[in-house]
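# Breakdown of the fold
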Amino acid sequence: MDENVIAAMARWPGVPAVFGWLSLNERGQWRLHPAGDALADADAPDPYARQGTSITSPQILQFMGRNYECDETGRWFFQNGPQKVYVRLDAAPFVLHTGNPADGRPSLHTHTGLQVTRVASWWLTEAGRLYALTDPGPGLVAGRDLDSVLDALRATDGTKVLDVLEAGGAAPPGLTVQGPATDNSPLHFCKEADIPSRLGFVRLPRAD
């Protein structure tokens, strides 16, 4: 976190947090909701319908990435000076992209620019999304990078995970894999709706 942000927090303690003004979509794009309505559809069938306005300024994006944190309840927020701005997560706290291959395996980094050095577990859902519990935090593999990550994952006997999945239709119990930032990490199959509880984060943060 930036030093000036830490100083602002100390100078103005107790500034109320805000909800509904910021979201992160499944492509790793920060979205501003000027009407504060990001959570207006929280109880609707599609709670992510309000897309907001894309934030594109490189300086602002870098500032947000440096000051992006999680509270003890699994709610993620952007620390904007002394104020917490809680984030609606359309998929996960981080969106993961591939980089230059290392040891024949693509590297991974978050949408905020953090390098992933370890994946503790992988989670594949019925919606075809691949999530990872990484050292920076829970992340969704971006759609454009999904094929390359799946292609790089191998069972411990060297079999491609894609071949295993095609044969059985799901990740069999006890399957461990090797791949990007991964050595003998478990691969689980679960429902999309169960991802937040399994990975420990809140998609639709509300005030206490």
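In every chain, residue numbers begin from 1 and rise along the written sequence. Per-residue local features of the predicted model are confined to residues with pLDDT of at least 70, and side-chain atom pairs are confined, for both listing and counting, to 80 or more; whole-chain, interface and lining totals are unaffected and use all residues. Side-chain numbers come from the whole structure's heavy atoms, not from hydrogens or water.

Time to look at the pattern of salt bridges. Each reported salt bridge corresponds to a side-chain nitrogen of Lys or Arg within 4 Å of a carboxyl oxygen of Asp or Glu. Using the criterion set out here, one finds 11 salt bridges in the structure. Between Arg66 and Asp2 there is a salt bridge, with the nearest N and O atoms lying 2.9 Å from each other. Linking Arg66 in helix H2 (residues 58–66) with Asp2 in the segment before helix H1 (3–11), this pair joins segments that are 64 residues apart in sequence. Burial status follows relative accessibility: with a 1.4 Å probe on protein chains alone, a residue under 20% of its type maximum counts as buried, one over 50% as exposed, and anything between as partly exposed. The partly exposed category is assigned to Arg66, whose relative accessible area is 42%. In this structure, the salt-bridge partner of Glu192 is Arg129, at a minimum N-O distance of 2.8 Å. A residue pair is termed long-range when its members are at least 10 positions apart, and Glu192 in the loop between strand E15 (182–190) and helix H5 (195–199) and Arg129 in the loop between strand E10 (119–125) and strand E11 (130–134) qualify at 63 residues. Salt bridges here are not isolated pairs; linked through shared partners, they connect Glu26, Arg129, Glu192 and Arg203. Helix numbering and strand numbering both begin at the N terminus, where a helix is a DSSP run of H or I of at least 4 residues and a strand a DSSP run of E of at least 2.

Time to look at the pairing of strand E6 (residues 83–89). Burial runs high along E6: five of the seven residues are buried. Two strands qualify as a pair provided DSSP detects at least 2 bridges between them. By the bridge criterion, four bridges tie strand E1 (residues 18–24) to E6 in an arrangement that is parallel. The residue bridging Ser23 from the neighbouring strand is Arg88, located in E6. Two elements, strand E5 (residues 76–80) and E6, share four bridges in a ladder whose sense is antiparallel. The residue of E6 that forms the bridge with Phe78 is Val85. Counting the residues between successive antiparallel strands, the hairpin from E5 to E6 contains two residues, one of them, Gly81, with a positive phi of roughly 65°.

Turning next to the packing of aromatic side chains. What counts as a ring pair is set by centres within 6.5 Å for rings of Phe, Tyr and Trp (its six-membered ring), and what kind of pair is set by the plane angle: stacked under 30 degrees, edge-to-face over 60, tilted for all other angles. Counted according to the given criterion, the structure contains seven aromatic pairs. Judged by centre distance (4.6 Å) and plane angle (0°), the ring pair of Phe19 and Tyr86 falls under stacked. Highlighted residues: Phe19 in strand E1 and Tyr86 in strand E6, separated in sequence by 67 residues. Given a relative accessible area of 5%, Tyr86 falls into the buried group. Ring geometry for Tyr68 versus Trp76: centroids 5.0 Å apart, planes at 45°, classification tilted. Both residues of the pair, Tyr68 and Trp76, belong to the buried class. Three or more aromatic residues link up through ring pairs in this structure, and these residues are Trp30, Tyr68, Trp76 and Phe94. One residue, Arg75, lies across the ring of Tyr86, its end atom 4.6 Å from the ring centre. Charge-over-ring contacts are defined here by two conditions on Lys NZ or Arg CZ: a distance within 6 Å of the ring centre and an angle within 35 degrees of the ring normal.

Turning our attention to unusual backbone geometry. Even without being glycine, Ala181 reaches a positive phi, approximately 55°. Mapped onto the fold, Ala181 is located in the loop between strand E14 (176–179) and E15. You can call Ala181 partly exposed: its relative accessible area is 26%.

Turning our attention to the nonpolar core. For our purposes a nonpolar core is just a set of buried Ala, Val, Leu, Ile, Met, Phe, Trp, Tyr and Cys residues, chained together by side-chain atoms within 4.5 Å. Ranked by internal contacts, the top residues of the largest apolar core, which has 40 residues, are Leu22, Trp30, Tyr68, Trp122, Leu130, Tyr131 and Leu187. Note on contacts: a residue pair qualifies if any of its non-hydrogen atoms lie within 4.5 Å across the two residues. Among residues more than four places away in sequence, those in contact with Leu130 are Trp122, Trp123, Leu124, Gly139, Leu140, Val141, Leu146, Val149, Leu150, Leu153 and Leu187.

Tracing the backbone shows Ala38 in the loop between strand E2 (30–32) and strand E3 (53–54). Overall, the relative accessible area of 1% leaves Ala38 in the buried class. Along the primary structure Ala38 and Leu22 are separated by 16 residues, whereas in three dimensions their C-alpha atoms are 6.7 Å apart. In this structure, Ala38 is in contact with Gly20, Trp21, Leu22, His33, Pro47 and Arg88, ignoring residues within four places of it in sequence.

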